[in-house]
Structure formats: structure tokens, C-alpha cells
Amino acid sequence: MTFPRPTRILLYVVLILFVFAFVIPFWADITTSLKTNMDVIVTVPVVPPLDGILRIFGLVSPSPTLEPWMIAFQIMGRPLLNSLEFTIFATILSCLIGSINGYVLSKIRFRGSNMIFLFFSIAIFIPYQTVLIPLVLTMSRLGLFNTLAALILAHTTYGIPICTLLFRNFYKDIPESLTMAAKTDGAGTWRIYQSILLPLSALPFVVAGVFQFTSIWNDYLFGLVLAQGIDAQPASVALANLKGTSTASWNVLMAGAIWYALPLVIVYLVLGKYLIKGYMAGAVKG
Amino acid sequence: MVKVVIKNLTKKYGEVQAVKNLDLQIEDKEFFILLGPSGCGKSTALLCIAGLLRPDRGEIWFDDKLVTNPQRGVYLPPQQRQVAMVFQDYALYPHMTVFRNIAFPLEVRNESRNEVLRKVKATAELLGISQLLDRKPKQLSGGQRQRVALGRAIVREPRIFLMDEPLANLDAKLRVYMRVELKKLHQKLGTTTVYVTHDQVEAMCLGDRVAVLKDGILQQVAAPTELYDAPKNTFVAGFIGSPPMNMLNGKLVKKNGNLVVDLGVATFELPNWTQEKLKETQASEVVLGIRPEDIVLTGRYQENTIEAKVEMLESIGREIHIHLTVGEYSIVVVTTPAEDVKVGQPAWIVLNEEKIHVFDGKTEELMA
């Protein structure tokens, strides 16, 4: 048996340290969320609430409770549903529109198409803050202030440029002979998209979809200014509100954070495999 | 089944003239070849016929229907031209089975399910791919993909087949086989076919007539044998035939009242039939062209022979290619292996006087 070389051992030590650095906050999040208010104050955050087991080793440890999770869900249940609703709708809409835009910009030649594409590319870099006031004014004049529709509209619009870029670059690599063949076969513009390009787009849909889902789900600013009431309040805003002005129930806050992170974790667990494939596909093609 | 007439077709990509004032008439049921080196504009012309590319100027007629005329704003989209195209990369839809690939043009036209089923099956049988109908394109070999692409083209009985180097991606053996299949298919279906290739052998084998293009300009349109026997200029002469025609640059001079070509190292007395044609010419520089099989080697000096030296022998079994040098020129002679020739040996070449070509050295056009 050969021993690993010293440099390799050093590498593993460093990597393990990094893993600890990343995992400890999550670990503290979980342990704290399972403690009572009093236990949060008297114990170190990283100590798990495993009363019976730790006492064997002579350690002081609190007993676990699920109460913070219940309280957090009572407060965050509705906002979580809100968030799910507008995130899913806006993700699907922005991907679909981005895909159609990408098709038009990559496969149909027309005067000014490069200029339009340039505008799309610039739009990616517009910061949220700069459009905040006009956005709120527009939404309230449309009568959409405090509604989920406002959030769907805002996030869809904001997501279209990046989705367009992603899909255009993907479609550009699909050989032109394919669309030419479809044209001579008699298919029109829409039919070519529907029958040829759309079925070939599973990968970019996963990549753009996960990207959009993550950034819309994590958004705080649009949610804060467009939805003041409980009817449309996103989970990100509700989570921030868990931290009261004078007191902070850390256990409830941590439980709320876990509830909030759950959908994203599920999305990555389900689609992670395809996501890596999608990123790699892009990387190889350049 | 349709006759295609192209008038004055011109297409530019930026500053590059892809096709320049092209005039062509492709007859009904004809197997017509567009031949030329890469970048000669043959594919551009094909895409214009298909309607996949808008020319800058010119007209395209299908029988008596005008389908393209940019000046008059006439441009029939490809969907309505009833042409079928076969691409070099086959352009099969990767997510569809062979059946659905072939059925696609029918489905687009909303033909009934039974009709689609019947036609796809008949087409698959014709091409011998019935057992592949459930497969996806990536599970097929190159030759099989080629057949599927053909199937997709013929299933809807188009008025014209357009083929853009359809055999270029196949290996040599399969290419020869598919070439024969294509010819048979055309004989069976009789559909007007326009076929683009850079391979002169393919062009000669398949074409009823061949149009040779260079730098977007039409050089000559003729039947393959005519193209071979009577090339209009040095480009066509050099492009058609393998090994290519031998070309010797020389000066046209008068000697004892007869025209001779002075090659520097030797002179060649032009035969009587050319004397008449060249009588009036002003040109002094000429190119003497002779096909490798129209030269005979002899072991000793005779009248009107040219001295040469044997440099290399290439035996390809059925025939032997003898590479010789005449002064600064290298020429190739094709003979039967029976001939006893050795490298380094001096030899005299006799040109078949009936088969020589005389081109103008400046314009490169055929003079006699």
C-alpha cells in the first residue's frame, strides 16, 4: 500500500477546513432552530440539542423542540406560498419569452437584430435600484400594487434579457441547415420553433430555469417595495420581518431561514445533475 | 417536375461577389450539376433556388411562375416552393425518430394519419430503411442518415430536388455506392434535380449536364463528355479529368508558312485542322492542352515529337501514370501497364493531333 504524498495530505487538510467553514453556519442554523428560547441564550450555538446522548459524555445540553419550526411556519406559511407562486410563474414566463427571443435573434435575419441584441445585453446590467421608483409608480397606476401579478410582471421583465442571451447562445450552435431543412419541408417560423428548437432546448431550460428560480426566490428589494401587505408578501420579506425591532427570537428566525431555503434545496437536488451538464455543454462549446 | 430558369442572378456578401450574372436553364427531369471549387458560388446559387437566400438581382422561374425577382419584390418563401433539399450534414432532426423525420414534411402539410403512414412506409421501402424507422438519427451510420435525408426529401413528391454536396461526408467506398443509388433513384422518379458538388468525378457520373463555376462566374454548361472533350477555357480543362489535362505555355509563330507552337525546348507543328481556325488570330502567347491519354511515348526521335525525360511512374493497376519533364514543364501520360518504361530514360512524346487544344495565353479561352 502506498502512502499519499505530503502535498496531497495538506490539500485534504485545507479542503476539510474549508468544508467546516462553509458547513458551520448551516449547522448552527439547524441546532439553534431546534432549541427553546432560553436554551438559545445559555448554550453555544453549535452544540446540538441532543439531551440524552450528550449527557452520557458529561456535557450540558438542552433537549430538542420543534416549536420554533411551528411558529415560523405560522408566520411564513402564506408568504412562502406567495413566493412559490410568483417565482414559478415568473421563471416559466421569462424562460419561455427568453427562448422565443433567442430563437428570433439567432435564427432569423432581419435589419437591426444585432442592435436589439445589444440592448438586451445592456439590460442585463441595469441595477434593480435604478428602476425602483418608476417601477412602483407604473405598478400602482396599473392597479397592480400589492398583488402577485406585479411581482410576476417585474421579475419576468427583469429576467428576459439574461434568458434571451442564454437561449440565443445555445441556439446559435444549432446548425443552420436544421432550420433550413425545416423551412424547405414547409414549416413556418412558429412551427420551426415549436417542432424543432423547443424540443431540443431541455438543457438551456434547466440552466435558465434554475438561475431564474434562484434569483427570483432570493429577491428582497422588489418584494419589499411592490408588496406591502400580507396578500402578496414574499417569503424573503417575511423572513426579515421575523427579526423584531427590539427583540430577536433566534430560534424562530433560524427555523424560518430553513423553511425559506427548503424549496431551493429541493430544486438543486432534483435538477443538479442536468444543471452541471448544461454548464459543461456551454463550457465546451465556448 | 419543373423547368428552372435563372436569369442574371447576382448575390454579394459584403464586398464578395458570390454569384455574378448567372444565367442557367435547367430542363424538366434533368439531373443538373453545379460544379466548382469551394467558394465558387455554387451553394449560394442553390440556396437562391430553394428560396433560403435572397439574391441581390436577377430572376428565378419555375416553369412560367416567377419565384424570385428582388427588383419587382417577388420572393416566394421556401415553404411555398415545393422544393426538397438534402444537406451535406443531412440536417436530420435529432430528437425525432427516423419515421417522424420522414413524416415531418407531411405532418406540416396536415396530411391524414393514414396517408402519412402509407407514404413513409413506401418511401422507407424504396430506400431500404424500413427496419430503421424507430431509431434516432444518432443511432445511424453515415450512409443510413443519408438515406433518411433522401427519404425526407422524396416522401412529399417535390417539384425539384436540391442537393448540397450530399455525399461529401461519406467514406470513399460508400460514396461510390450512394452515387449509383442516387442515379437509379433519379431514373425511377424523374424529378428535376439540381446537385452541387466540388467533385468532378461525381459530376461526370451523375449529371445530364454540368455547369462549371469559378469565382461566381459561369464558365461552361455542357454534357459531361462535351465538357471533357471540348473545354471552353483552361480552367474547365484543368478542373475536369484526373489526372488533369497537360498544359504547355508557348508562343505561336510562323514557320515555312505554317503555324507552330514554340515551347522553348521544342516546337510543335500544329495540325491542319487548327491552322484554319488560328489563321486570323492576333494572340502570340498560347497554351497547348493535351489530355494524358492522348499522348504516346516512343523510344526514338520522329517528326513532330518532343523530347522528354521520365521522372516517376505511378502504377494503379489498370493503368500507369508516367510523369515526365519537358524542359521546365512536367507532364503526365496515362498508358497501359504493358509499356516498358524506366525512370531516367529519355523518351519522345507524340501528341494525338486530333485531340490537342489551343488556348489563348492571355484570355485563357479556347481558340482551337
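Everything quoted here is computed from the prediction, not taken from an experiment.

## Here's the deal with the overall build of chain A
Step number 1: Of the regular secondary structure elements, chain A holds 13 helices and zero strands.
Step number 2: When the elements of chain A are put in sequence order from the N terminus, they spell out α-α-α-α-α-α-α-α-α-α-α-α-α.
Step number 3: Relative to the globule expectation of 19 Å for 286 residues, the C-alpha radius of gyration of chain A, 24 Å, shows a markedly less compact shape.
Step number 4: Taken along the three principal axes of its C-alpha coordinates, chain A extends 80 × 70 × 30 Å.

## A look at the nonpolar core
Step number 1: Core analysis: the biggest nonpolar cluster contains 140 residues, and L151 of chain A together with M85, L162 and A211 of chain B have the highest contact counts within it.
Step number 2: Considering every element that reaches this core, the biggest residue donor is helix α7 (residues 148-172) of chain A, with 14 residues.
Step number 3: Aside from chain neighbours lying at most four places away, what touches A211 of chain B is L24, I33, L34, L35, L218 and V221 of chain B.
Step number 4: The next biggest cluster of nonpolar side chains, apart from the first, holds 17 residues, and it includes A238, L239, W250 and M254 of chain A.

## Observations concerning the interface of chain B and chain A
Step number 1: Tallying the contact residues gives 17 residues for chain B and 15 residues for chain A.
Step number 2: Only β7 (83-86) and α2 (98-108) of chain B provide two or more residues apiece to the side of chain B that touches chain A.
Step number 3: Of the residues belonging to the side of chain B that touches chain A, the class tally is 13 nonpolar, two polar and two charged.

## A short note on the domain arrangement of chain B
All names here are of chain B.
Step number 1: Segmenting chain B into domains produces domain 1 (4-239) and domain 2 (246-360).
Step number 2: Centre-to-centre, using C-alpha coordinates, domain 1 lies 40 Å away from domain 2.
Step number 3: Tallied by class, the residues present in the side of domain 1 that touches domain 2 amount to one nonpolar, three polar and no charged.

## Let's talk about the sheet that holds strand β16 (residues 295-298) of chain B
Residues and elements named next belong to chain B.
Step number 1: Ordered in space as β16-β20-β17-β18-β19, the five strands form an open sheet in which the pairing is antiparallel. At either margin of the open sheet sits one strand with a lone partner, and together these are β16 and β19 (329-335). The average undirected angle you get between the axes of adjacent strands in this sheet is 45 degrees.
Step number 2: Alignment of strand β18 (residues 320-326) against β19, held across seven bridges, turns out to be antiparallel. From the neighbouring strand, I320 faces β19, where its bridge partner is T335.

## Here's the deal with the domain arrangement of chain A
All names here are of chain A.
Step number 1: Domain parsing of chain A yields domain 1 (6-56) and domain 2 (71-285).
Step number 2: Computed from C-alpha coordinates alone, the two centres of domain 1 and domain 2 are separated by 34 Å.
Step number 3: Listed by partner, the interface residues are eight residues for domain 1 and seven residues for domain 2.
Step number 4: If you list the elements that add at least two residues to the side of domain 1 that touches domain 2, you get α1 (6-33) and α2 (37-42).
Step number 5: In terms of residues, the side of domain 1 that touches domain 2 owes the most to one element, α1, which gives four residues.

## Remarks on the packing of helix α4 (residues 67-107) of chain A against helix α12 (residues 235-242) of chain A
All names here are of chain A.
Step number 1: With their axes 8 Å apart at the nearest point, α4 and α12 run at an angle of 160 degrees to one another. In terms of orientation, α4 and α12 fall into the roughly antiparallel class. Residue-level contacts link A72, I75, M76, P79, L80 and S83 of α4 to A235, V237, A238, L239 and L242 of α12.
Step number 2: Split into classes, the residues belonging to the contact of α4 with α12 amount to ten nonpolar, one polar and no charged.

Definitions and limits used
Residues numbered from 1 in each chain as written. Chains lettered and ligands numbered in written order. Predicted model: local features only at pLDDT ≥ 70, side-chain atom pairs only at ≥ 80, totals over all residues. Helix = DSSP H or I, 4+ residues; strand = E, 2+ residues; numbered from the N terminus. Rg over C-alpha atoms; globule rule 2.2 N^0.38 Å. Core = buried A, V, L, I, M, F, W, Y, C linked by C-beta atoms within 7 Å. Buried ≥ 20, exposed ≤ 12 C-beta atoms within 10 Å, placed from the backbone. Contact = placed C-beta atoms within 7 Å. Nonpolar A, V, L, I, M, F, W, Y, C, P; charged D, E, K, R; others polar. Domains from an automatic or database assignment. Pairing = 2+ DSSP bridges. Axes fitted to C-alpha atoms, helices over the stretch in contact; angles between N-to-C directions. Parallel < 35°, antiparallel > 145°, perpendicular 65-115°, else oblique.

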